[in-house]
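Observations on the model geometry
So you can see what is in the structure, the chains are spelled out below.
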Amino acid sequence: MSVITAESRPESDVVRPSRGKARFWEREAPLAYLFMIPGLVILLLFMAYPFFLGIYLSLTDKMVGFADFNFVGFENFQILLRDQIFHRTVANTLIYSFVTVPFKLFLGLGLALVLNQTFHFSRFIRAGLLLPFIIPTAISSLAWLMLFDSVLSPISWVLKSWGLIQTNINFLGDRWNAIGSVCVANIWRGLPFFAISILAGLQAVSPELHEAAALDGANAFQRFRAVTLPTIRNILLITTLFSIIFTFSDFQLIYVLTKGGPASSTHIFGTYAY
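Residues numbered from 1 in each chain as written. Predicted model: local features only at pLDDT ≥ 70, side-chain atom pairs only at ≥ 80, totals over all residues. Heavy atoms only, no water.

Regarding the overall build of the protein
Along its length, the protein carries 13 helices and 0 strands. Secondary structure of the protein in N-to-C order comes out as α-α-α-α-α-α-α-α-α-α-α-α-α. Its C-alpha radius of gyration of 29 Å places the protein more than 25% over the 19 Å reference for a compact globule of 274 residues. Here the C-alpha coordinates of the protein stretch approximately 105 × 70 × 35 Å along the principal axes. The buried share of the protein, reckoned over its 274 residues, is 28%. Sequence separation of 24 or more characterises 64% of the internal contacts of the protein that already satisfy a separation of 6 or more. Each charge sign in the protein was given a centre, from 19 positive and 15 negative side chains, and these centres are 4 Å apart. (Helix = DSSP H or I, 4+ residues; strand = E, 2+ residues; numbered from the N terminus. Rg over C-alpha atoms; globule rule 2.2 N^0.38 Å. Buried < 20%, exposed > 50% of the residue type's maximum accessible area, 1.4 Å probe, protein only. Contact = heavy atoms within 4.5 Å. Lys, Arg positive; Asp, Glu negative; His and termini not counted. Charge placed at Lys NZ, Arg CZ, Asp CG, Glu CD.)

Put into structure tokens, the structure is as follows:
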């Protein structure tokens, strides 16, 4: 009995895929778009649909819990433009975002450079750095609420014991004190995100590049500027972008600390919309 193999079978009897089908499965671009379809469907369902629905509802007088509503056009936007609290909210959001993010960036970069060195218990310190980011925002905000208490604040107590102030600081009862207080709390919470992200980028910098630069006579600052900074530039940009988005959409920290007060002077977009 003879066994017929693909090599001995006549060429006309061998089943071959059509040239068009082979070309389709061999090309990377069609496959890439095919694999992107599930992600695109998820984005359309959970991001695009709510986004455009929100735009549509902003043009109506729809109220929560009521089924009937009417189309009012840009009337809601005209009301906002005449609303002084909304004007203050826009200013607060810009201050809250573009004051805290640079602090988080530079402090996180410095902390990442320190943690990138080898020293005793460095791994435990890196793990502990994540604690402010892991703790739920509402819980950590309650701790800051006690620190900023107008009567029992340990910050005021220490400063009075040192003779730097005479009376307790009204952290959350004055507009600018309250804005400064929530900015400090936001910097504390967002700092680990920058430090860990930048530290991951520093770990990818090849030591050979630093050795070559040192042999050429470059000092530590020159090596940082010419070797380290170009390598982690994209990480810095992406981390900063994400931080701006997170800060713009913040809600819990402001709501727990001030609820937008005093006298609606610390509202940001999230709390004022709520």
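Observations concerning the environment of I232
Within the secondary structure, I232 sits in helix 11 (residues 220-248). The class for I232 is buried, based on a relative accessible area of 0%. The spacing of I232 and L31 is 201 residues in sequence and 31 Å in space, taken between C-alpha atoms. Not counting the four nearest positions on each side in its chain, I232 is found in contact with L109, I198, G201, L202 and V205.

Thoughts on unusual backbone geometry
Put simply, G261 and P262 share a cis peptide bond, and its omega is 0°. As for its placement among the helices and strands, P262 is situated in the loop between helix 12 (252-257) and helix 13 (269-273). A positive phi angle, near 55°, is found at K259, a position not held by glycine. By the secondary structure assignment, K259 is in the loop between helix 12 and helix 13. Assessed through its relative accessible area of 51%, K259 is described here as exposed.

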